[in-house]
Amino acid sequence: MSPSLFDRSRPTDRSVSVALGYVLVLGISTILISGLLIAGGNFVEDNRERVIDSEMKVIGNHIAGNMEQVDRMVTASEDNMGDGPERAHINQSFQRLVTGSSYTVQVVDGDPPQVVLRSSDPEVTVHVNMTVQTDVEERTVSGGKISVYYDDSGSDGKLVITSA
Amino acid sequence: MVTSGENAAGDTRGQALTLEALTAAILILAAIGFALQMTAVTPLSASTSSQHVENQLQSSSQGVLGSAADSGALHEAVLFWNTTEQEFHNVSGDEQFYRSGAPSNDFGNATDQVFSDRNVAYNVFVHYQTEDGVETQQMVRQGEPSDHAVSASRTIELTDDHRIVKKDGSLNQTLSELDDDEFYIPQQDEDNAHYNLVRVEVVAWRI
Amino acid sequence: MANLGSNRRSDRGQIILVAAFLLAVTFVVLALVVNSAIFTENLATRDDVAGSHDALDHRAEVQASVGTALTSINNENGTDLSDKKGNLSKSIDNISQAGGLHQSTQGRLVDVNWDSSDSEEGVRIYQNNASRNFSSDSRDDDWVLTDSGNFDVRNFQMNITEPEEELFPLGGSEPFRLVANDTSDGDIEWNMTVEYDGSLPTGEGLVVNVDHPNHDEVSCTHELEDDAGFVLLDVTGASIDGESCHALSQLQDEDGTPMWFGEGVDEYQIEFQNADSIQGTYSFVGDDSMSTTGADDHPEDPDEAIYSVTVDYEFYTSQVAYETDIRVAPGEVPS
């Protein structure tokens, strides 16, 4: 492919204009390579959503487990004394970001009560069911250090979640 | 695709081009190499030290101790002491504790059933209070625990009217009637019913 | 970019370089994503917060330990209530101090406190003579142990000696019977009989039958060890020699029908019938609504006893806190 330096034929012999040639080459290669990058970007984004989903499931299950454990502490006291405990709480630190995105934790009352986690950047939502006998208070907190405690200041005792 | 007739500038350009292509290739290869190093062996990879195995072993150890405490077998095991020979009953060898086998009482039968059939080795310790703090008497020694051993404990109360258990399971004297050097657990306080608070610890690991 | 006009070839080279750079950035971002996935797997294997289960487990241990001390103190014959309370107070202090020491080696702060006014008083009715049958002081075989009332009874234990010789054989007309009799309404009673069965395929055994107004009679059998000489029957704890007996606790039918002592009767008095068909010791503690003023003479005078105590339990680790009262009444029937 190396041209003989002594060749005297000029590009204009090819009867293709410089500008068109330039546009074609540059354009086609740009399009091909940007296509490759878009596919790569989508691939990364897809996987990121999947990882965020599984991470939030794990965090949600841990939080639900903590709430069920505090519930067990409360029902043990109620079965034995007829009244809830004076104090019961479990604190746990989770990561603040899931794969680079912040998230919120919401407790939803219902049948059954649920822990709902939502990430902000790729919007992914995860629901985790829990089985508790004590009422739960509906609240939303941001991810990070989560504390689950028993609050008996109202008429009935409730399980409350808060940022520690 | 160099058109013939280009001037001498194509020569040097060729080297620069090659250099750029090489740099591009090195960049991509380095990035791939970096990315491949991200995969790792996780704690869930199957092996004898897998996290699931440890968690399961912890639960079954806790379960054995819990049911033994409820049925009274744990009290019997702690009190299964030969006061004349200063060792547990039916111990083989010179030491005070059981080697390689389980105690010949209900607690030993339970641990045998749960652990030995599943290739799990275990040590049992009895921690008791003395004037100088907490001391330990070994009850079972089956070896040196691996790095992935789990530990489960259960605390039981001994009172002055608990009785030492003889080899055949029948009851002997009460703890308050014993002399200081006849039983490995000392009396903590003489003017009340409390004798000692004892923590039985089971350390188990997969072999 | 190189001169566009003359050397178009160079443009391609540099686009390839830029594309390679961007691809490399993509790979690095992917590596971060994979890293998060691996961390998630690791997080998923982790156990719950350290100490979260132990807060509840240790509560049961404290309840059992204080219960053991309470039973031992109640069983001391001839001591009065203030002696018993003083003894229990010192024992609970010892338990708290020793338990705190054990737990502190595992990184937890545990405390147990008892205010001696936080207790229910009661009466303990017992017989200590193991070679005597269960008849009253005046040798009546059918006698009444307590007045009629709405009271609770706990830790009802019978140590039956020489079962082969003393118990009535199965099918006999007059086996020993323990009755919780509602005298206001003729037939309403909870009763339990204890019989000896020498014809079991595996040897000899003890048969316990329980009957109460809400269910038909249920029985359970316990095989006796050779030459044991005695059998420990725990009526409220529903076990014979440590082996559980469903006829005294709960049936495994659809409703989980309870068969506990006193089930089906609200107000009752405790009676023994055919007390000559059984020999050994017995003991039970009733709460302060139980009285014995109108009852027949007991072979040994009933003692003042502590029916239940309420202790304050605290459990703290750096991440878990559990503070509650625990009511300790060992051997109490579930309500």
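Please refer to the structure placed before this passage.
Below: a short report on this structure.

Rules used in this analysis
- Every chain's residues receive numbers from 1 upward, in the order its sequence appears when written.
- As they are written, the chains are lettered A onward and the ligands numbered 1 onward, keeping that order.
- Reporting of local features is limited, given that this is a predicted model, to residues whose pLDDT is at least 70; pairs of side-chain atoms are given and counted only at 80 or more, and all residues count toward the totals for whole chains, interfaces and linings.
- Computation of side-chain values covers all heavy atoms of the structure but excludes hydrogens and water.
- In this description a helix means any DSSP run of H or I spanning at least four residues, a strand means any run of E spanning at least two, and both kinds are numbered starting from the N terminus.
- Radius of gyration: over C-alpha atoms. The globule rule applied is 2.2 Å multiplied by the number of residues raised to the 0.38 power.
- Three exposure classes are used, based on accessible area relative to the maximum for each residue type with a 1.4 Å probe and protein chains only: buried under 20%, partly exposed in between, and exposed over 50%.
- Reported accessibility uses the Shrake-Rupley method at a 1.4 Å probe radius. Residues are deemed covered only where the shown protein chains occlude them.
- Residues adjacent in sequence count toward polar contacts only when both atoms are side-chain atoms; beyond that, a polar contact is any pair of N or O atoms within 3.5 Å, and within protein one must be able to donate a hydrogen and the other to accept it.
- Here a residue-residue contact requires only that any non-hydrogen atoms of the pair lie within 4.5 Å.
- Expected helix span is taken as 1.5 Å per residue step, with the number of steps being one fewer than the number of residues.
- Two rings belonging to Phe, Tyr or Trp (six-membered ring only in the last case) form a pair when the distance between their centres is within 6.5 Å. Interplanar angles under 30 degrees mark stacking, angles over 60 mark edge-to-face geometry, and anything in between is tilted.
- In this scheme, the term charge over a ring applies when either NZ of a lysine or CZ of an arginine sits within 6 Å of the ring centre and within 35 degrees of the ring normal.
- The salt bridge criterion pairs a side-chain nitrogen of Lys or Arg with a carboxyl oxygen of Asp or Glu, the two atoms within 4 Å.
- By the convention adopted, Pro, Cys, Tyr, Trp, Phe, Met, Ile, Leu, Val and Ala count as nonpolar, Lys, Arg, Asp and Glu as charged, and the other residues, Gly among them, as polar.
- Between any two strands, at least two bridges found by DSSP are needed for them to pair.
- Buried residues of nine kinds, namely Ala, Val, Leu, Ile, Met, Phe, Trp, Tyr and Cys, make up a nonpolar core once their side-chain atoms join them within 4.5 Å.
- For helices, the axis comes from a line fit to the C-alpha atoms of the stretch in contact; other axes are also lines fit to C-alpha atoms, and the angle between any two N-to-C directions lies between 0 and 180 degrees.
- Any two cysteine sulfur atoms within 2.5 Å of one another count as a disulfide.

Some words on the overall build of chain C
- Looking only at helices and strands, one finds four helices and 15 strands in chain C.
- Here the C-alpha atoms of chain C give a radius of gyration of 33 Å, more than 25% beyond the 20 Å that 2.2 N^0.38 yields for 335 residues.
- For the C-alpha atoms alone, the extent of chain C along its principal axes is close to 130 × 50 × 45 Å.
- For chain C, with 335 residues in total, the buried portion stands at 53%.
- Summing over all exposed atoms, chain C offers an accessible surface of approximately 14100 Å²; the carbon and sulfur share of this is 43%.

Thoughts on the overall build of chain B
- A tally of regular secondary structure across chain B gives four helices and nine strands.
- Out of the 207 residues in chain B, the part that is buried amounts to 43%.
- Accessible surface for chain B amounts to roughly 10300 Å². Of this, 48% is attributable to carbon and sulfur atoms.

Remarks on the side chain of H89 of chain B
All names here are of chain B.
- Tracing the sequence through the fold places H89 in the loop between β2 (87-88) and β3 (98-99).
- Polar contacts involving the side chain of H89 include one to the main-chain carbonyl oxygen of W81, which spans 3.4 Å.
- Contacts of H89, omitting those with residues within four sequence positions, involve F80, W81, N82, Y98, S104, V165, K166 and K167.

Considerations on helix α2 (residues 52-74) of chain C
- End to end, α2 of chain C covers 34 Å across 23 residues, agreeing with the expected 33 Å (1.5 Å per residue, within 8%).
- Of all 23 residues that make up α2 of chain C, 17 are buried, and the element is covered over most of its length.

Some details on the packing of aromatic side chains
- Considering all chains together, one arrives at 20 aromatic pairs over all chains under this definition.
- Measuring from centroid to centroid gives 5.4 Å for F134 of chain C and F176 of chain C, while their planes differ by 90 degrees, and the two rings are edge-to-face. Here F176 of chain C lies in strand β5 (residues 176-181) and F134 of chain C lies in the loop between β2 (119-127) and β3 (143-144), a separation of 42 residues in the sequence.
- With centroids separated by 5.1 Å and ring planes inclined at 90 degrees, the aromatic side chains of F272 of chain C and Y282 of chain C adopt a geometry described as edge-to-face. One end of the pair, F272 of chain C, is in strand β12 (residues 269-273); the other, Y282 of chain C, is in strand β13 (residues 280-287), and ten residues separate them in sequence.
- Ring pairing ties together the aromatic residues W81, F88, Y98, Y128, F183 and Y184 of chain B, which thus form one cluster.
- One Lys or Arg, R124 of chain C, reaches over the ring of Y126 of chain C and ends 4.2 Å from the middle of that ring.

Observations regarding the interface of chain A and chain C
- Facing 39 residues of chain A, the contacting portion of chain C comprises 43 residues.
- Counting every contact that joins chain A to chain C gives one salt bridge.
- Where R87 of chain A meets E323 of chain C, a salt bridge forms, and the shortest distance between an N and an O atom there is 3.6 Å.
- Summed over the shared surface of chain A and chain C, the number is eleven residue pairs in polar contact (both at pLDDT 80 or more).
- Broken down by secondary-structure element, the contributors of at least two residues to the side of chain A that touches chain C are α1 (18-81) and β1 (87-93) of chain A.
- Of the residues in the side of chain A that touches chain C, the class split is 19 nonpolar, 15 polar and five charged.
- As judged from the four bridges shared by β1 of chain A and strand β15 (residues 320-328) of chain C, these two strands associate in the antiparallel manner. Bridge pairing links A88 of chain A to Y322 of chain C in β15 of chain C.

Focus on the pattern of salt bridges
Residues and elements named next belong to chain C.
- The full count for this structure, using the stated rule, is eleven salt bridges over all chains.
- The residue K85 makes a salt bridge to E121 at a minimum N-O spacing of 3.4 Å. Remark: E121 occurs in strand β2 and K85 occurs in helix α3 (residues 81-104); sequence separation between them is 36 residues.
- Among the charged side chains, a network of salt bridges with common partners joins E120, R327 and E332.

A short note on the sheet that holds β5 of chain C
Residue and element names in this part refer to chain C.
- Read from one edge of the open sheet, six strands run β3-β12-β5-β6-β7-β8, paired in antiparallel fashion. Looking along the sheet, the strands with just one partner apiece sit at the ends: β3 and β8 (215-223).
- Pairing of β5 with strand β6 (residues 189-200) involves six bridges; the strand directions are antiparallel. By the bridge assignment for β6, V179 is matched with N191.

A few points about the pairing of strand β7 (residues 203-212) of chain C
Residues and elements named next belong to chain C.
- Counted residue by residue, β7 has seven buried out of ten residues, so it is predominantly covered.
- Connecting the antiparallel pair β6 and β7 is a turn made up of two residues.
- Judged from the seven bridges that link them, β7 and β8 form a sheet pairing that is antiparallel. Paired with L206 across the two strands is H222, which belongs to β8.
- Between β7 and β8, which pair antiparallel and follow one another directly, the connecting turn spans two residues.

Quick look at the nonpolar core
- Counting residues in hydrophobic clusters, the biggest one holds 60 residues, and the most contacted among them are V105 of chain A together with L88, V311 and Y322 of chain C.
- With eleven residues, the top contributor of residues to this core is α1 of chain A.
- Not counting residues within four places of it along the chain, the set of residues in contact with V105 of chain A comprises I63, V115, V116, L117, R139, T140, V141, I146 and I161 of chain A.
- Membership of the second largest hydrophobic core comes to 45 residues, among which are W143, C245, F272 and I278 of chain C.

So, the sheet that holds strand β5 (residues 133-141) of chain B
All names here are of chain B.
- The strand order β3-β5-β4-β9-β6 describes an open sheet built from five strands, whose pairing is mixed. One side of each edge strand has no neighbouring strand; the edge strands of this open sheet are β3 and β6 (150-159).
- As paired strands, β6 and strand β9 (residues 194-206) are joined by ten bridges and run antiparallel to one another. Directly across from S151, in β9, lies its bridge partner V203.
- Set on the sheet, helix α2 (residues 51-71) makes contact with β4 (120-130), β6 and β9; between it and β6 the angle comes to about 15 degrees.

Looking at the state of the cysteines
Residues and elements named next belong to chain C.
- Enumeration according to the criterion identifies one disulfide over all chains in this entry.
- Paired through a disulfide, C220 and C245 show a sulfur-sulfur distance of 1.9 Å. Taking the torsion about the S-S bond as the criterion, the C220 to C245 disulfide, at about -100 degrees, is left-handed. Pair noted here: C220 is in strand β8 and C245 is in the loop between β11 (243-244) and β12, with a separation of 25 residues, a long-range link. This pair shows no difference in class: C220 is buried, exactly as C245 is.

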